[in-house]
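Geometric and topological summary
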Amino acid sequence: MKSWLLQRFTAVYMALFFVYFIAALLIAPSESYEEWQVWMRSTPMALATTLFFFALLGHAWVGLRDVFLDYIKPFVLRLVLLNLLAIGMIVMALWVVRILLTGGA
Amino acid sequence: MRFSIYRYNPESDDKPHMQTYDIEVTPGMMLRDALLKIKSVDESFSFRHSCGEGVCGSDAVNINGTNGLACITPVATLKEPVEVHPLPGRPVIRDLVVDMTQFYHQYRAVKPYLTVHDPEPEIEYLQSPEEREKLDGLYECILCGCCSTACPSFWWNPDKFRGPAALLQAYRFIADSRDQATAQRLDELEGPYRLFRCHTIMNCTNVCPKGLNPTKAIGEIKTILLKHNT
């Protein structure tokens, strides 16, 4: 139930963010790299972007966990794969945070 | 008309094979009639059937890749050669006869009967026409198994996932105004497997010979579960 809800909520958030992001790029594209940096580093945008990537990771976690539950029958193998997935996702989450904090520098 | 029929006798065959039969068809002939004709020329061939009019649900088979009832499938609508397989994912007992034990186990597990804690009424249980209307599209299920055996989630986890047929019946009793075990029914469906293995693939709705919509029923259960838990 919780994971199913998480999947729905993250999907809705990602869809909204995506529409906004594309619209912003189309309506008011950044003229230069500096302008882009200012836009991406503004507090609301930085928060929204961070939230987007966490929603993406949460969504992917539920989806891949579903695939494992459906197709990977041996318990030990499933446990190993889920752990690898979790580690991979934590790494990606930290990496995203680092990129967003340092602005990719 | 040419028919290619799945044949397998676990007692004598190493593996299943397809056997071809050429049968003369008559106008208005249903697939069940053709299977009966095949049986009359080859009595070693087995399949289940009973009422012959889409009510008992015995002759559910896989016809040209889609599950359906042989007795209400006109042969004129089928592409030649007509390939008939047993319901997918179920252990084959012989030819088109499959073991439906797990399917019935999942059906039994949703307690498909009214549970009432109050003392029984003197007369009948009363229900308004609106309350009764909620059961339309749910009670008509004949348990043929076309839906559950067309569901990939049921193929992968027939022991843990209830399957569309059982979940349709679970909702039939959750939606029933006379039933007093809604909370227990919902609690029983919690967890990642019993209900939530459904990924809205909708094969169930696609194949149901009675035109029912298990996917919608499953969606309704999820909504009720959401309200129940918050």
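Presented here is a report on the structure given in the accompanying data block. (Residues numbered from 1 in each chain as written. Chains lettered and ligands numbered in written order. Predicted model: local features only at pLDDT ≥ 70, side-chain atom pairs only at ≥ 80, totals over all residues. Heavy atoms only, no water.)

**Here we look at the side chain of N67 of chain B**
All names here are of chain B.
- Here N67 lies in strand β4 (residues 66–69).
- According to the relative accessible area criterion, N67 is buried, its value standing at 6%.
- Separated by 2.8 Å, the side chain of N67 and the backbone oxygen of C146 make a polar contact.
- Among the polar contacts listed, one links the side chain of N67 to the side chain of T149, at a separation of 3.0 Å. (Helix = DSSP H or I, 4+ residues; strand = E, 2+ residues; numbered from the N terminus. Buried < 20%, exposed > 50% of the residue type's maximum accessible area, 1.4 Å probe, protein only. Polar contact = N/O pair within 3.5 Å; in protein donor to acceptor, adjacent residues only side chain to side chain.)

**Quick notes on the pattern of salt bridges**
- According to the stated counting rule, one finds 12 salt bridges over all chains in the structure shown.
- One salt bridge in this structure joins D70 of chain A and R197 of chain B, with 3.1 Å as the shortest N-O distance. Of the two residues, D70 of chain A sits in helix α3 (residues 43–71) while R197 of chain B sits in the loop between α6 (182–188) and α7 (203–207), which places them in two different chains. Across this residue pair, the class does not change: D70 of chain A and R197 of chain B are buried.
- Between R132 of chain B and D136 of chain B there is a salt bridge; the shortest N-O distance is 2.9 Å.
- On the basis of relative accessibility, which here comes to 32%, the residue R132 of chain B falls in the partly exposed class. (Salt bridge = Lys/Arg side-chain N within 4 Å of Asp/Glu carboxyl O.)

**So, the pairing of strand β5 (residues 82–85) of chain B**
All names here are of chain B.
- Side-chain alternation along β5 places V82 and V84 on a buried face and E83 and H85 on a face that remains uncovered.
- Judged from the 3 bridges that link them, strand β1 (residues 2–7) and β5 form a sheet pairing that is parallel. Bridging across to β5, I5 finds its partner in V84.
- For strand β3 (residues 60–63) and β5, the ladder comprises 2 bridges, and the chain directions are antiparallel. When the sheet's bridge partners are listed, N62 is paired in β5 with H85. (Pairing = 2+ DSSP bridges.)

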